[in-house]
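Chains, contacts and geometry: an overview
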Amino acid sequence: MDENRPLKILVIRLSSLGDVILTTPVIRSLKSRYKNAEIDFVVKPQYADALAYNKYLHGVLKYDKNNIKELLKEISSRRYDMVVDLQNNLRSNRINIAAGGRIYRFRKPAVKKILLSKFRINLYDKVISIPELYAASVPGLKLDGYGTEVFLPNDINSDLDEGNYIGFCPGSRHFTKMWPSEYFIKLGNKIHERGFRIILFGGKADRELCKTIADGIPGAVDLSNDDNLLQLAANMKKCKLIVSNDTGLMHLAASQNIPLVVVFGSSVKEFGFLPYKVKYGLVEKEELECRPCSHIGREKCPEGHFNCMKELTPDVVLDNLIKLLEDK
């Protein structure tokens, strides 16, 4: 390699939002280790805003199924020295071949996940965060102990004035990761009685849900939008705390260093997707033998009772919220 040429690194994580945000400590640590590096990132277009203003990246390349040939040609022309493949699937392998250079792949703990979710056999010795697992893909790479980051441009401002706000992120792709909407409403009313105003956050798929919950809570403000990630983050920064399901918006809030109360139904901490390096409280029903029923989430409870969420009452979540606020 030409010693005068910057080290060119390509990082690959195509989806989803939470997974992409959880790569940001790795990006930062790669830049710290390789001072002269130019780091590019390949991601699906719908998640590109999470990286668009990342000061450690040289460029963001969008993986669109309609431009695969053009993308691979562009990647091939850039002559990468190193590829950090944090996706590790057939699609990312095509990118690896085009990129050239030395390839480091994320080793997915797939067997452990299957054994735990299908057979309740827990081979996890301890909870290891996803950023730590990502970093282990590159021999000798050490994380710096700081959290995730989604950088915001200077021209994005919050829609909220200063106030006493608590945020709710009630959506999720999967039913078994969603705390019941009526519980969010009951919790919101209890919080309202304590002098806080509830702010609803969500994307395009959450608009109806957020409106329903906001309509049930006096003074609540629905700031869900059509997947404007950066505006959501700017609005989240006004909140003293956010209550969230296990969802990408949980990690977006964490990237803004906002304390969180997170509600895990079919999710479990062993999978490594807890908020990273931010103050949080975890609410879950640990003693249920049917947890986890999936490492991703399901469209309905396979047991028919949905006790992993239904037994997490609004009072239980409120207790955790109050403790976290008092600990600030």
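This text follows the structure it describes.
As the structure is a prediction and not an experimental result, all values here were calculated from the model.

Let us look at the packing of helix α3 (residues 68-77) against helix α4 (residues 90-99). Put simply, α3 and α4 touch, their axes get as near as 7 Å, and they point 40° apart. Taken together, the axes of α3 and α4 are oblique relative to one another. As α3 packs across α4, the resulting crossing turns out to be right-handed. Here I68, L72, I75 and S76 of α3 come into contact with α4, specifically with R94, I95, A98 and A99.

Take H305: it is sitting in the loop between β11 (280-283) and α11 (307-310). The class for H305 is partly exposed, based on a relative accessible area of 28%. Here the side chain of H305 touches N307 through a polar contact of 3.0 Å, landing on its backbone nitrogen.

With that out of the way, let us pick up the environment of S16. Tracing the backbone shows S16 in the loop between β1 (8-12) and α1 (17-21). Taking the C-alpha atoms as reference, S16 lies 8.4 Å from K44; in sequence the two are 28 residues apart. In this structure S16 touches Y47 and R173, once residues within four positions along its chain are discounted.

The next subject is the nonpolar core. Counting 63 residues, the largest nonpolar core has I9, F201, M236, I242 and L252 as its most contacted members. Apart from the residues lying within four places of it in its own chain, the contact partners of M236 are C169, F201, I242, L249, L252, A253 and I258. One finds L241, V261, V263 and M309 within the second-largest nonpolar core, a separate group that totals 33 residues.

This part takes up the pattern of salt bridges. Inspection of the entire model under this criterion finds 16 salt bridges. Taking the shortest distance from any N to any O, the salt bridge between R13 and D19 comes out at 3.5 Å. Residues R13 and D19 agree in their burial class; the two are buried. For K279, the salt bridge is made with D327, and the minimal N-O distance between the two is 4.0 Å. Of this pair, K279 sits in the loop between β10 (260-263) and β11 while D327 sits in the segment after α12 (314-326); the two residues are 48 residues apart in sequence, bridging distant segments of the chain.

As a further point, take unusual backbone geometry. Cis geometry marks the peptide bond from S15 to S16, where omega comes out at -15°. The omega torsion of the bond from R291 to P292 falls at -10°, within 30 degrees of zero and hence cis. Notably, R120 is not glycine yet its phi reads approximately 60°, a positive angle. Considering the arrangement of structural elements, one finds R120 in the loop between α5 (110-119) and α6 (130-135). The exposure class assigned to R120 is partly exposed, which follows from its relative accessible area of 35%.

Sheet architecture is open: six strands sit in the order β8-β7-β6-β9-β10-β11, paired in parallel fashion. Taken across any chain shown, the strands that pair with only one partner, and hence form the sheet edges, are β8 (221-222) and β11. Bridge count between strand β9 (residues 239-245) and β10: four bridges; the pairing is parallel. Pairing of I242 across the sheet is with L260, part of β10.

Calculation criteria
- Residues numbered from 1 in each chain as written.
- Predicted model: local features only at pLDDT ≥ 70, side-chain atom pairs only at ≥ 80, totals over all residues.
- Heavy atoms only, no water.
- Axes fitted to C-alpha atoms, helices over the stretch in contact; angles between N-to-C directions.
- Helix = DSSP H or I, 4+ residues; strand = E, 2+ residues; numbered from the N terminus.
- Parallel < 35°, antiparallel > 145°, perpendicular 65-115°, else oblique.
- Left-handed = near helix turned anticlockwise from the far one by under 90°.
- Contact = heavy atoms within 4.5 Å.
- Buried < 20%, exposed > 50% of the residue type's maximum accessible area, 1.4 Å probe, protein only.
- Polar contact = N/O pair within 3.5 Å; in protein donor to acceptor, adjacent residues only side chain to side chain.
- Core = buried A, V, L, I, M, F, W, Y, C linked by side-chain atoms within 4.5 Å.
- Salt bridge = Lys/Arg side-chain N within 4 Å of Asp/Glu carboxyl O.
- Pairing = 2+ DSSP bridges.

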